[in-house]
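# Coordinate analysis (summary)
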Amino acid sequence: MSQEKSIVKEYSNGEITIVWKPKQCMHSRLCFNGLPEVFDPKARPWVNAEGAESERIAEQVKKCPSGALTFYYNDGNDQAAQADKQAPAGATEAEVIPNGPLMVKGTIALKDGQGNTSVQEKLTAFCRCGASSNKPFCDGSHKKIGFEG
């Protein structure tokens, strides 16, 4: 896999750390529509971990449909957040989103065309329209091309 695909960025306020995997992002806009004081795509860096209370950040990050945003508490005391990171919650589930991506919920091993394997956790959005510039992941291109399926 190329080095670009393994970019992971972390933003912390001392209590919680927000983890962002840019190549996994499908640009749903839920993060900045839901908590614009933390997530601002026009700012650099685009994540301001000081912008809201840690609990509000955690609740918003949990809504990320692609799993590109995750979090952990720096003191390690949050059992639920740690369990979410370390253990799959039962069976893996796949859901076809009308006119959108294939959403896979659960931990999967993904092998690329070169035989490299990566682990995808929680939610992974796979492109169904064929227009993504980040295949096999969805980048939101289905909205631009009017994909129906």
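Reading the values: the criteria
- Residues numbered from 1 in each chain as written.
- Predicted model: local features only at pLDDT ≥ 70, side-chain atom pairs only at ≥ 80, totals over all residues.
- Heavy atoms only, no water.
- Pairing = 2+ DSSP bridges.
- Helix = DSSP H or I, 4+ residues; strand = E, 2+ residues; numbered from the N terminus.
- Axes fitted to C-alpha atoms, helices over the stretch in contact; angles between N-to-C directions.
- 1 Å grid on protein atoms, 1.4 Å probe; cavity = no way out; pocket = protein on both sides within 12 Å on 5 of 7 lines; lining within 4 Å.
- Points joined across faces, edges and corners; volume = space filled by probe spheres on them.
- Nonpolar A, V, L, I, M, F, W, Y, C, P; charged D, E, K, R; others polar.
- Polar contact = N/O pair within 3.5 Å; in protein donor to acceptor, adjacent residues only side chain to side chain.
- Contact = heavy atoms within 4.5 Å.
- Buried < 20%, exposed > 50% of the residue type's maximum accessible area, 1.4 Å probe, protein only.

### With respect to the sheet that holds strand E1 (residues 9-12)
On the basis of which strands lie adjacent, the open sheet formed by three strands has the order E1-E2-E3 and antiparallel pairing. Lying at the two open borders of the sheet, with one neighbouring strand each, are E1 and strand E3 (69-73). On average, each strand axis in the sheet is inclined to that of its neighbour by 25°, with strand direction left out of account. Summarising the sheet, E1 and strand E2 (residues 16-20) pair through four bridges and their orientation is antiparallel.

### Details of empty space enclosed by the protein
The full count for this structure, using the stated rule, is one cavity of 30 Å³ or more. If you add up the space inside the largest cavity, you get close to 30 Å³. Grouping the amino acids of the lining of the largest cavity by side-chain chemistry returns three nonpolar, four polar and two charged.

### As for the side chain of Ser-54
Note on placement: Ser-54 falls in helix H2 (residues 54-61). Within the structure, Ser-54 has its side chain in polar contact with the side chain of Glu-15 (distance 2.7 Å). Residues in contact with Ser-54, not counting those within four places in the same chain, are Asn-13, Glu-15, Ile-16 and Tyr-73.

### Brief notes about unusual backbone geometry
Between Arg-44 and the following residue, Pro-45, the backbone shows a cis peptide bond with an omega angle of -5°. Tracing the sequence through the fold places Pro-45 in the loop between helix H1 (30-34) and H2. Between Lys-135 and Pro-136 the backbone carries a cis peptide bond, its omega angle lying at 10°. Although it is not a glycine, His-27 adopts a positive phi angle of roughly 55°. Structurally, the position occupied by His-27 is in the loop between E2 and H1.

### Let's talk about the environment of Asp-139
Of note, Asp-139 is situated in the loop between strand E8 (123-126) and helix H4 (141-145). Given a relative accessible area of 12%, Asp-139 falls into the buried group. Among residues more than four places away in sequence, those in contact with Asp-139 are Cys-25, Met-26, His-27, Ser-132, Ser-133 and Asn-134. From its side chain, Asp-139 meets the backbone nitrogen of Ser-133 in a polar contact 2.9 Å long. Separated by 2.5 Å, the side chains of Asp-139 and Ser-141 make a polar contact.

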